[in-house]
Amino acid sequence: MLLPDRKEEATRDKRKYKTVKYSIDSKSKNKYKGKTFYLKTYGCQMNERDSETLAAMLKQLGFKEEKDYRKADFLLLNTCSIRENAHNKAFGMLGRFKHLKQTRPEIVIGLCGCMAQETSVCEELLKNYKFVNLVFGTHNLDKLPILVDKAFSSDERQIEVYSREQDLVEDLPVIRSNKYKAYVNIIYGCDKFCTYCIVPYTRGRERSRKKEDILKEVDTLVKDGYKEITVLGQNVNAYGKDLYDDYFMGELLEDIAKTGIPRIRFMTSHPWDFTDKMIEVIGKYDNIMPSVHLPVQSGSSKILKLMGRRYTRESYLELFDKIKKIVKNVTISTDIIVGFPGETEEDFEETLSLCEYCKYDNAFTFIFSVRRGTPAEKLKDNTTLKEKEGRLYRLNEVVNKYFLENNKKLEGKVVKVLVEGNSTKSNMYYGYSETNKLINFTSKKDITVGDIVDVKITSAKTWSLDGEVVE
Ligand code: SAM
Ligand code: SF4
């Protein structure tokens, strides 16, 4: 049994990590033929991408995917710990699994991902969730075949959670959930340690993949007919800093653009590492989508300092203006936390006024959620939950107003949309524009999922737009 240790998770060293290749021994291949797995994913795109690899490894072992958890032989939750409600959802699901285990004791139940990296969660699982057979964290995902084997062949619970990142593993198998859109990891972990955030502890130190490995993956996606990639990392702008002296996110984005993949997106960008080179490259290449996610978190410099965000309201706005000026027709979205400890009504009003200035095209708004072991846990918080809910409501009213106002400006215009799906019932298609707007549309001509089509916008709503394909 190996449990995570928060103190060790918080430390960073300059140890050189190796890049190693994944392989599975031939005896394990198809060993579980006839068995099925159910995999549920919580949280961010990084977890979704991890699950595509978990599913692929299970298929190498011979498992078949089962969408109904009640019928599966192996049930696995890939979890998220960013806010309290993510925890609650996973524990709720474990409650359902418990009932199933009573009628089908032979099933194996597993939990992996960010929640497993929390000592308190592991302790809770050990004490009150004895029916969970397998627990592993974010650092040994590639060991799934060995761990599953141990869990199926032994009555002992398998708990293997490393506190420190291991070597970086390439050539992991993947079964992508979409035929036209793909996620490409470029950097793992986070070294920013924003005071409210659990990610640097659960995901470890920043480790960039080698540029050759990333470009090889993108080339393969181009050959396989993919139309869009989203370059992923907790903080993609830190790319290369741990690996190279003269090759960073701007250079990588440029090389990815040159592969010819039709659409490139990237997330998430911390304003701190957003360089002029990046802005220049985004503005220069038509296949880098003019849509930037630039989390601000708060409009008050005092709160930003308490959050450890390394920028002020003024420097954020300077960057915001620069991106708007250089990247033609760019849309900018953001993340905002309300009710951070110490946030006064005046601080909150600064957030509102910043949103009035930025007129974001999209915003993910959250109430601060205390994460165990983070510095913000120790800060004094005098604001009641009711007040925080009131602030969230007021904030949403402001940001929603601008979503609609910005969308209205597109009425009558023609935008390029990657077709993602259609509903035969309503004869409507849907997809996203270059600026990442959800478009529902009709078409009189034959189009298919994966096409990029010109759509004339007929009407705007707050979170989506309606249109029709231009003949
Ligand atoms: N790396 C990104 C950045 O620096 O902006 C953020 C990644 S995080 C997975 C996504 C968002 O969750 C954050 O931008 C923040 O708004 C929100 N978040 C993180 N920790 C939180 C907490 N303890 N309470 C509420 N929201 C939180
Ligand atoms: Fe969390 Fe993002 Fe800050 Fe890293 S940069 S600590 S992931 S909010």
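Below is a summary of the structure that appears in this document. (Residues numbered from 1 in each chain as written. Chains lettered and ligands numbered in written order. Predicted model: local features only at pLDDT ≥ 70, side-chain atom pairs only at ≥ 80, totals over all residues. Heavy atoms only, no water.)

## A few points about the overall build of the protein chain
Using the following cut-off: Elements are defined by DSSP. Helices are runs of H or I of four residues or more, strands are runs of E of two residues or more, and each kind is numbered from the N terminus. In this treatment the radius of gyration is a C-alpha quantity, and the globule benchmark scales as 2.2 Å times the residue count to the 0.38 power. Buried means the residue's accessible area, taken with a 1.4 Å probe over protein chains only, is under 20% of the maximum for its type, while exposed means over 50%, and partly exposed covers the values in between. Contact between two residues is taken to exist if any of their heavy atoms lie within 4.5 Å; hydrogens are not considered. Residue burial considers only the protein chains on display, and all accessible areas are found by Shrake-Rupley using a 1.4 Å probe. Charge assignment in this entry is limited to Lys and Arg as positive and Asp and Glu as negative, and neither His nor the chain termini are counted. Lysine's charge is taken at NZ, arginine's at CZ, aspartate's at CG and glutamate's at CD.
Helices and strands together make up the secondary structure of the protein chain, namely 13 helices and 21 strands. Relative to the compact-globule value of 23 Å for 471 residues, the protein chain shows a C-alpha radius of gyration of 23 Å, a close match. Projecting the C-alpha coordinates of the protein chain onto the three principal axes gives extents of approximately 65 × 60 × 50 Å. Counting across all 471 residues of the protein chain, residues that qualify as buried make up 55%. Taking as baseline every contact in the protein chain between residues at least 6 positions apart, the subset at least 24 positions apart corresponds to 77%. Surface accessibility of the protein chain: about 21600 Å² in total, with carbon and sulfur atoms responsible for 50%. Charge separation in the protein chain, taken as the distance between the mean sites of 80 positive and 71 negative side-chain charges, equals 3 Å.

## Let's talk about helix α7 (residues 211-223)
Operational definition: Given the number of residues in a helix, its expected span is that number minus one, multiplied by 1.5 Å.
Look at α7: 18 Å from first C-alpha to last across 13 residues, which is about the 18 Å you get at 1.5 Å a residue. Listed in full, the buried residues belonging to α7 are D213, I214, L215, E217, V218 and L221. Packed against the buried residues of α7 are β1 (19-21), α2 (45-60), β8 (168-170), β9 (181-185), β12 (228-232) and α8 (249-258). Just downstream of α7 lies G225, where phi reads positive at about 85°.

## Comments concerning the sheet that holds strand β14 (residues 291-293)
Keep this limit in mind: Pairing between strands is defined by DSSP: at least two bridges between the two strands are required. Geometry is summarised by axes, namely lines fitted to C-alpha atoms with helices restricted to the contacting stretch, and by angles between N-to-C directions that run from 0 to 180 degrees.
If you trace the three strands from one edge of the open sheet to the other, you get β14-β15-β16, paired in parallel fashion. The open sheet is flanked by β14 and β16 (362-367), the only strands paired with a single partner. In this sheet, neighbouring strand axes are inclined to one another by 10° on average, regardless of whether the strands run parallel or antiparallel. Where β14 and strand β15 (residues 331-338) come together, three bridges link them in parallel fashion. Along β15, the bridge assignment pairs S291 with T331. Docked against the sheet, helix α13 (residues 385-408) engages β15 and β16, running at close to 175° with respect to β16.

## Overview of the packing of aromatic side chains
The test is simple: Stacked, tilted and edge-to-face are the three classes assigned to paired rings of Phe, Tyr and Trp, where Trp is represented by its six-membered ring and a pair needs centres within 6.5 Å; plane angles under 30 degrees give stacked, over 60 edge-to-face, the rest tilted.
Applying the stated criterion across every chain, the model contains 20 aromatic pairs. Each ring, one from Y32 and one from F63, has its centre 5.2 Å from the other, and the planes form 10°; the classification is stacked. One end of the pair, Y32, is in the loop between β1 and β2 (36-41); the other, F63, is in the loop between α2 and β3 (64-65), and 31 residues separate them in sequence. Looking at Y32, the relative accessible area reads 8%, which means it is buried.

## Description of the site of ligand 2
Put simply, the rule reads: Note on terminology: near, applied to a residue and a molecule or strand, indicates that one of the residue's heavy atoms is within 4 Å of it. Residues are grouped as follows: Ala, Val, Leu, Ile, Met, Phe, Trp, Tyr, Cys and Pro are nonpolar; Asp, Glu, Lys and Arg are charged; all remaining types, including Gly, are polar.
Every residue lining ligand 2 is accounted for by C190, K192, F193, C194, Y196, C197, V199, P200, Q234, H270 and R309. Taken together, the residues that form the shell around ligand 2 break down as seven nonpolar, two polar and two charged.

## Description of the site of ligand 1
Our working rule: By the criterion applied in these results, polar contacts are pairs of N or O atoms within 3.5 Å in which, for protein atoms, one can donate a hydrogen and the other can accept it, and in which residues neighboring in sequence qualify only through two side-chain atoms.
Around ligand 1, a shell composed of 16 residues is seen, among which Q234, P295, Q297, D335 and S369 lie nearest. Within the side chain of D335, a nitrogen or oxygen atom sits 2.6 Å from an oxygen atom of ligand 1. Contact between ligand 1 and S369: a nitrogen atom at 2.8 Å from a main-chain N or O atom of the residue. In isolation ligand 1 offers 560 Å² of accessible surface; the protein chains occlude 91% of this area. Of all the secondary structure elements, the ones that give two or more residues to the shell around ligand 1 are β15 and β16. Grouping the constituent residues of the shell around ligand 1 by class yields seven nonpolar, five polar and four charged.

## Regarding the pairing of β12
The element β12 is largely enclosed, with a buried count of five among its five residues. Residue alternation in β12 divides its side chains into two sets, E228, T230 and L232 and I229 and V231, and both sets are buried. Bridge count between β9 and β12: five bridges; the pairing is parallel. Along β12, the bridge assignment pairs V184 with V231.

## Some details on helix α5 (residues 144-153)
Here is the rule we go by: In this context, the arc is that of the directions from the helix axis out to the C-beta atoms.
For α5, the full list of buried residues reads L144, P145, L147, V148 and A151. One side of α5 holds all its buried residues, which, seen down the axis, span an arc of 165°. Buried residues in α5 make contact with α2, β4 (74-79), β5 (108-113), β6 (134-136) and β7 (158-160).

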